[in-house]
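So the chains spell out like this:
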Amino acid sequence: MSETPRPFPSSIAVRRGLPRPAAGGVLAALGVALWAAAAVPAPLVSGPADPDFGQDGTGPVQQVAVFGTDDRAPLPGERALLGRSIGLLYEGKTHSVCTAFCVGDDMIASAGHCLFRTEGERPLRLKGVEFRLEPRGERAMSARIAGSEHNGEAQHVAAGSLTLRVRPPIDAAQDWALIRLATPICKGRALPISRAPADALTVLSAAKRIYQVSYHRDFGTWELAYGAPCTVRRSFAGADWTAISKDFADAGHVVLHTCDTGGASSGSPLLIDGAEGPEVVGINVGTYLQSKVLTQHGEVVHRYKSEAVANTAVSAGAFRPTLEVLAHADILARRADIVALQHLLAAEGFYGGTADGIYGPLLNAAVRAFERSEGRRETGLATGVLLKRLAQRDAARRVAPKPPAIETGSVGSHTLSRDKAKLPQQ
């Protein structure tokens, strides 16, 4: 357990150069990166006002994730205990900041892009990622990802996707990450995960039961903000769910909402009050935009301004089963075990990398592919149970009896010559 001095990073990383889409939707991630298109006069997506942003010729900053009036408010006194469960996930080298929350004694949840960015982008250096809790009136606590002391932190992260697609089909439903911490600073602070299905959230929204608690770069001095009530709908003005759903790879776990968000709010929980207190119904991950263009003879001649339709969250049902697996997983810690896992997956035809004892994207993909071949839920986790299962398969393959050889007598041979073959006489 360690304490990190104030202040938190004063800026959020900015990524430039992403082309604007020809049509359809775009998922704009908030928190880790603010995306701006270099070839257009105004940013495709821009974040809250920041004194360090806009001084390099990128143009004015426009907030896109506040719908209507800004209803964010300081965390009220009756919700103060949520400050013991919701904290900041950040990496100091890149100044990347997101919100995360406790889901176990030593486990937290956040948005997947907060760690792995998006397809084509360089992921964060997991060794430098830290989670910080700063409850009101209590001592701040922080912890790094488990395994950081021996470069094994990647083994303690389960994510829906390591290469998130932000253009249709958008991977929003896979934009979640579950992280095991090196120290149990969340002990007694875990937020329960609701079992309410995604399609039930519209009903809960109509009853004004859904709210959000998050950090925002432009709100206060890194203090939690409370947003309520949040509207959850399927269809919005000018954007029908029938059309919207086609933009997402797994629309069933996508939650479109109008909780007001700002930079660093990615990874924050959407909540309801259950019988035992606050329950998580989803994770906020970004903003869904629709962009239209005018074409002539197949060429784009005019680009219209992209419009924010709604903010986007992942429903709890998308990550709850993996959380239950990670909570009891015996993660491989020895390099020799990782080497053995690589050899065994290679023998099964799933791993094509070197047996170097390093858990990286190739090994993660191989584990997922093997789990998929077995009809199991994909986790990508390198566990003792997986290693044992593969070893048993390997042993069975080695001792499998060979089929008996069958001896036959001479049966002669003949040769056909197609060009000289004659039809039988009638």
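First things first, this report covers the structure right here in the doc. Position labels on residues start from 1 in each chain and follow its written sequence. A pLDDT threshold of at least 70 governs which residues receive local features in this predicted model, and a stricter bar of 80 or more applies before side-chain atom pairs are shown or counted, although totals over entire chains, interfaces and linings include all residues. Note that water and hydrogens are dropped before the side-chain values are worked out from all heavy atoms of the structure.

Before going further, it helps to spend a moment on the state of the cysteines. Cysteine sulfur atoms are paired as a disulfide whenever they fall within 2.5 Å. Evaluated as defined, the whole model comprises three disulfides. Across the disulfide, Cys 102 is cross-linked to Cys 186 (sulfur-sulfur distance 2.1 Å). Residues Cys 102 and Cys 186 are joined through a disulfide that is left-handed, its torsion about the S-S bond being -65°. Here Cys 102 is found in strand E6 (residues 96-104), whereas its partner Cys 186 is found in the loop between strand E11 (177-180) and helix H2 (201-206), with 84 residues between them in sequence. For every residue, the accessible area obtained with a 1.4 Å probe (protein chains only) is divided by the maximum for its type, and the residue is called buried under 20%, exposed over 50%, and partly exposed between those limits. Judged by relative accessible area, Cys 102 falls into the buried class, the value being 0%. Note on cysteine connectivity: Cys 230 is disulfide-linked to Cys 259, with sulfurs 2.0 Å apart. Because the sign of the S-S torsion sets the handedness, a value of about 130° for the bond joining Cys 230 and Cys 259 places this disulfide among the right-handed ones. One end of the pair, Cys 230, is in the loop between strand E13 (225-227) and strand E14 (232-233); the other, Cys 259, is in the loop between strand E15 (254-257) and strand E16 (269-274), and 29 residues separate them in sequence. Exposure remark for Cys 230: the relative accessible area of 2% places this residue in the buried category. On the basis of relative accessibility, which here comes to 2%, the residue Cys 259 falls in the buried class. Secondary structure elements are taken from DSSP: a helix is a run of H or I of four residues or more, a strand is a run of E of two residues or more, and numbering for both begins at the N terminus.

What makes a nonpolar core is a set of buried Ala, Val, Leu, Ile, Met, Phe, Trp, Tyr and Cys residues whose side-chain atoms join them at distances within 4.5 Å. The biggest cluster of nonpolar side chains holds 59 residues, and the ones touching the most others in it are Leu 89, Leu 115, Phe 131 and Val 213. If you tally residues by element for this core, the top one is E6, at six residues. Core analysis: the next-biggest nonpolar cluster, separate from the first, contains 15 residues, Leu 341, Leu 345, Leu 363 and Ala 366 among them.

Under the 1.5 Å per step criterion, the end-to-end length of helix H7 (residues 384-399) is 23 Å for 16 residues, consistent within 8% with the ideal 22 Å. Buried within H7 are the following residues: Leu 386, Leu 387, Arg 389, Leu 390 and Asp 394. All buried residues of H7 fall inside an arc of 165° around its axis, so they share one side. For H7, exposure combined with an orientation more than 90 degrees from the buried face picks out Lys 388, Gln 392 and Val 399. Residue contacts follow a heavy-atom distance rule, with two residues in contact if any of their heavy atoms lie within 4.5 Å. Taken together, the buried residues of H7 touch helix H5 (335-347) and helix H6 (361-373). In this scheme, a helix's expected span is set at 1.5 Å multiplied by one less than its residue total. Picture the helix axis, draw a direction to every C-beta atom, and the arc is the one those directions span.

That's the geometry; what it means functionally is another story.
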